[in-house]
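# Secondary and tertiary structure notes
Chain residues, written in single-letter form:
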Amino acid sequence: MRERLLIPKEKIEKRIEELGREISKDYLEKEPVLICILKGAVYFAIDLTRHLTIPFVIDFMAISKYSGSSSGVVRITKDLDVDIYQKDVIVVEDIVDTGLTLGYLLRNLRARSPMSLKVCTLLDCPSRRIVDIPVDYKGFEIPDVFVVGYGLDYKEKYRNLLDIIVLEE
Ligand code: IMP
């Protein structure tokens, strides 16, 4: 496999700082619940919180795809510890690709009647989208490539890379 640098760490750090400032401005006087989707979004979510100047609550959700399923129906393997009823919620994702996973998750979260529900993703790959997902905050738009690093993995490897790299055959 060949590796090609797509987004260097300096650009990632700068963009996350900007997103943190933007979210802090939009949620002034509020206390949003950030929902980090395990495991890929952990690095992004934690770094994002370092740039928030508002109070917030962070919680985690883990999901697992049914093998061979392409419907987007996922199993929640770790649910939230907090109740999001009437709360301002921001789902933090590593990448929105087909949108199938997030589409399912948003339907599930909407049923819990939050006050508001927004999506913040580090990477957005609109050319692979199957389900229309409203992305409110995005770090970078990327082309149709397979990326690793900054939390994203290939068979659990590469998560700790500081840059985002394209893996090619
Ligand atoms: P979706 O349901 O197709 O939007 O995929 C969402 C999940 O698949 C992401 O949260 C990632 O965990 C994983 N994923 C999608 N594209 C990539 C990629 O290019 N590299 C690594 N993981 C990916």
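The structure contained in this document is the topic of the report that follows. (Residues numbered from 1 in each chain as written. Predicted model: local features only at pLDDT ≥ 70, side-chain atom pairs only at ≥ 80, totals over all residues. Heavy atoms only, no water.)

### Considerations on the sheet that holds strand E1 (residues 2-7)
- Read across the sheet, three strands follow the order E1-E9-E8 without closing on themselves; strand pairing throughout is antiparallel. Of all the strands in the sheet, just E1 and strand E8 (147-148) have a single pairing partner and so form its edges. (Pairing = 2+ DSSP bridges. Helix = DSSP H or I, 4+ residues; strand = E, 2+ residues; numbered from the N terminus.)

### Considering the packing of helix H1 (residues 9-26) against helix H2 (residues 42-49)
- Running from amino to carboxyl end, H1 crosses H2 at an angle of 60 degrees, the nearest separation of the two axes being 9 Å. Here H2 runs oblique to H1, going by the angle between their axes. Relative to H2, the crossing made by H1 is right-handed. Facing H1, whose interface residues are Ile16, Leu19, Gly20 and Ile23, H2 presents Phe44, Asp47 and Leu48.
- The residue inventory of the contact of H1 with H2, partitioned by class, reads five nonpolar, one polar and one charged. (Axes fitted to C-alpha atoms, helices over the stretch in contact; angles between N-to-C directions. Parallel < 35°, antiparallel > 145°, perpendicular 65-115°, else oblique. Left-handed = near helix turned anticlockwise from the far one by under 90°. Contact = heavy atoms within 4.5 Å. Nonpolar A, V, L, I, M, F, W, Y, C, P; charged D, E, K, R; others polar.)

### A word on H2
- For H2, the full list of buried residues reads Phe44, Ala45, Leu48 and Thr49. Seen along its axis, H2 keeps its buried residues to an arc of 125 degrees; they face one direction.
- Structurally, H2 contributes buried residues whose contacts are with H1, strand E2 (33-38), strand E3 (57-65), strand E5 (88-96) and strand E6 (116-124). (Buried < 20%, exposed > 50% of the residue type's maximum accessible area, 1.4 Å probe, protein only. Arc of directions from axis to C-beta.)

### Quick look at the pairing of strand E9 (residues 164-168)
- Among the five residues in E9, four count as buried, and that is most of the element.
- Alignment of E8 against E9, held across two bridges, turns out to be antiparallel. Paired with valine 147 across the bridge in E9 is valine 166.

### Brief notes about the site of the ligand
- Around the ligand there are 15 residues in total, and Asp94, Asp97, Thr98, Thr101 and Val147 lie nearest to it.
- Glutamate 93 places a side-chain nitrogen or oxygen 3.4 Å from an oxygen atom of the ligand.
- Within the backbone of valine 147, one N or O atom sits 2.6 Å away from a nitrogen atom of the ligand.
- Considering the ligand on its own, with 490 Å² of exposed area, one finds that the protein chains cover 83% of that surface.
- Sorting the residues of the shell around the ligand by element identifies E5 and helix H3 (100-110) as the ones contributing at least two each. (Near = heavy atom within 4 Å. Polar contact = N/O pair within 3.5 Å; in protein donor to acceptor, adjacent residues only side chain to side chain. Areas by Shrake-Rupley, 256 points an atom, 1.4 Å probe, with all protein chains shown as cover.)

### A look at the pairing of E6
- Relative to E6, E5 is paired through eight bridges, and the arrangement is parallel. Bridge assignment links aspartate 88 to a residue of E6, and that residue is serine 116.
- Between E5 and its parallel partner E6, the chain crosses via H3, and the hand of that crossover is right-handed.
- As paired elements, E6 and strand E7 (residues 137-141) share four bridges and run parallel to each other. Bridging from a neighbouring strand, leucine 123 pairs with phenylalanine 140 of E7. (Right-handed = clockwise from strand over helix to strand, strands pointing away.)

### Notes on the environment of aspartate 79
- Relative to the helices and strands, aspartate 79 resides in the loop between strand E4 (74-78) and E5.
- When its relative accessible area of 36% is taken as the criterion, aspartate 79 is described as partly exposed.
- When the C-alpha atoms of aspartate 79 and aspartate 59 are compared, they prove to be 9.2 Å apart, with 20 residues separating the residues in sequence.
- If sequence neighbours within four positions are ignored, aspartate 79 has contacts with Phe60, Met61 and Arg112.
- A polar contact is formed between the side chain of aspartate 79 and the side chain of arginine 112, at a distance of 3.1 Å.

### With respect to the packing of aromatic side chains
- Enumeration according to the criterion identifies one aromatic pair in this entry.
- Geometrically, the ring pair formed by phenylalanine 146 and tyrosine 154 is edge-to-face, given 6.0 Å between the ring centres and 80 degrees between the ring planes.
- Its guanidinium or amino end placed over the ring of tyrosine 27, lysine 30 lies 5.9 Å from that ring's centre, counting from NZ or CZ. (Phe/Tyr/Trp six-rings, centres within 6.5 Å; stacked < 30°, edge-to-face > 60°. Lys NZ or Arg CZ within 6 Å of the ring centre and 35° of its normal.)

Spatial relationships are all this shows, so hold off on functional conclusions.
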